[in-house]
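# Topology and contacts: notes
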Amino acid sequence: NRVQTFIAKQEQEITEPDKEIHISLIDEAVDQLPAQQQKAWRLSRHEGRKYEEIAIEMNISRETVKSYIQLANAAIIKYVKPRIHVILLALFSRL
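Sequence positions are assigned chain by chain, starting from 1 and proceeding in written order. Totals for whole chains, interfaces and linings use every residue, but because this is a predicted model, local features are given only for residues with pLDDT of at least 70 and side-chain atom pairs only at 80 or more, for both listing and counting. The side-chain figures draw on all heavy atoms in the structure; neither hydrogens nor water molecules are used.

## Notes on the overall build of the chain
- Scanning the chain from N- to C-terminus turns up six helices and zero strands.
- The contact definition used throughout considers only heavy atoms, calling two residues in contact when any of these lie within 4.5 Å. Residue pairs in contact within the chain that sit at least 24 positions apart in sequence constitute 59% of those at least 6 positions apart.
- Note on areas: Shrake-Rupley with a 1.4 Å probe; residue coverage comes only from the protein chains shown. Element-wise, carbon and sulfur atoms account for 53% of the exposed surface of the chain, whose accessible area totals about 6,100 Å². For the purposes of this entry, the term helix denotes a DSSP run of H or I that reaches at least four residues, the term strand denotes a run of E that reaches at least two, and both are numbered from the N terminus.

In structure tokens, the structure reads:
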């Protein structure tokens, strides 16, 4: 998916201290999500749960889980993109 691809691409280019900034930025984005989207996203991305497992735990349909995660991914990208300069500044300040 787009968020994982975006994150993977960025992680290839940053050092450990910079990864902390990057992860922090994503955590900030996730914290801005509605509660149900947060929970679905974290269960999927942090715990590696499948949509069906998340649906059972949250007592919602698999399609609703899918929708929550898609909405969360879009919101995370929207939050992170204009703030990515923080990571770039950290990278260039080390040169």
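## Re the nonpolar core
- Membership of the largest hydrophobic core comes to 18 residues, with the highest contact counts inside it found for Ile26, Val30, Trp41, Ile54, Ile69, Ile76 and Val80.
- Those elements that provide at least two residues to this core are α2 (16-31), α3 (35-45), α4 (51-58) and α5 (62-80).
- At six residues, the largest contribution of residues to this core is made by α5. Nonpolar cores were defined as sets of buried Ala, Val, Leu, Ile, Met, Phe, Trp, Tyr and Cys residues, with membership established by side-chain atoms within 4.5 Å. The cut-offs for exposure are 20% and 50% of the maximum accessible area for each residue type, with area from a 1.4 Å probe on protein chains only; residues under the lower value are buried, those over the upper are exposed, and the others partly exposed.

## A look at unusual backbone geometry
- The phi dihedral of Asn59 is positive, around 60°, even though this residue is not glycine.
- Of note, Asn59 is situated in the loop between α4 and α5.

## A look at the packing of α3 against α5
- Where α3 meets α5, the closest approach of the two axes is 9 Å, and the angle between their N-to-C directions is 95°. With respect to each other, α3 and α5 are oriented roughly perpendicular. In this structure, α3 uses Gln36, Gln37, Ala40, Trp41, Ser44 and Arg45 to contact α5, whose residues at the interface are Tyr68, Ile69, Leu71, Ala72, Asn73 and Ile76.
- When the residues that make up the contact of α3 with α5 are grouped by side-chain class, the tally is seven nonpolar, four polar and one charged. Where helices are involved, their axes are fitted lines through C-alpha atoms of the stretch in contact, as for all axes, and angles between N-to-C directions lie from 0 to 180°. Geometric relationships in this document are graded by angle, where less than 35 degrees denotes roughly parallel, more than 145 denotes roughly antiparallel, 65 to 115 denotes roughly perpendicular, and other angles denote oblique. For this classification, Asp, Glu, Lys and Arg are treated as charged, while Ala, Val, Leu, Ile, Met, Phe, Trp, Tyr, Cys and Pro are nonpolar and the rest, including Gly, are polar.

## Details of the pattern of salt bridges
- Definition used for salt bridges: Asp or Glu carboxyl oxygen within 4 Å of a side-chain nitrogen of Lys or Arg. All told, the structure shown has four salt bridges when counted by the stated rule.
- Residues Arg62 and Glu63 are paired through a salt bridge, measuring 3.6 Å at the closest nitrogen-oxygen approach.
- Three or more residues joined by partner-sharing salt bridges are found here, namely Glu47, Arg49 and Glu57.

## Re the environment of Arg42
- Looking at the element boundaries, Arg42 is found in helix α3.
- Accessibility expressed as a relative area gives 26% for Arg42, which makes it partly exposed.
- Sequence separation of Arg42 and Val30 is twelve residues, and the distance between their C-alpha atoms is 8.5 Å.
- Setting aside its immediate chain neighbours within four residues, Arg42 contacts Asp27, Val30, Asp31 and Glu47.

## Details of the side chain of Gln38
- Of note, Gln38 is situated in helix α3.
- Of the polar contacts made by the side chain of Gln38, one reaches the backbone oxygen of Val30; its length is 3.5 Å.
- If sequence neighbours within four positions are ignored, Gln38 has contacts with Val30, Asp31 and Leu33. Counted as a polar contact is a pair of N or O atoms within 3.5 Å, where, for protein atoms, one must be capable of donating a hydrogen and the other of accepting one, and residues adjacent in sequence contribute only when both atoms are in side chains.

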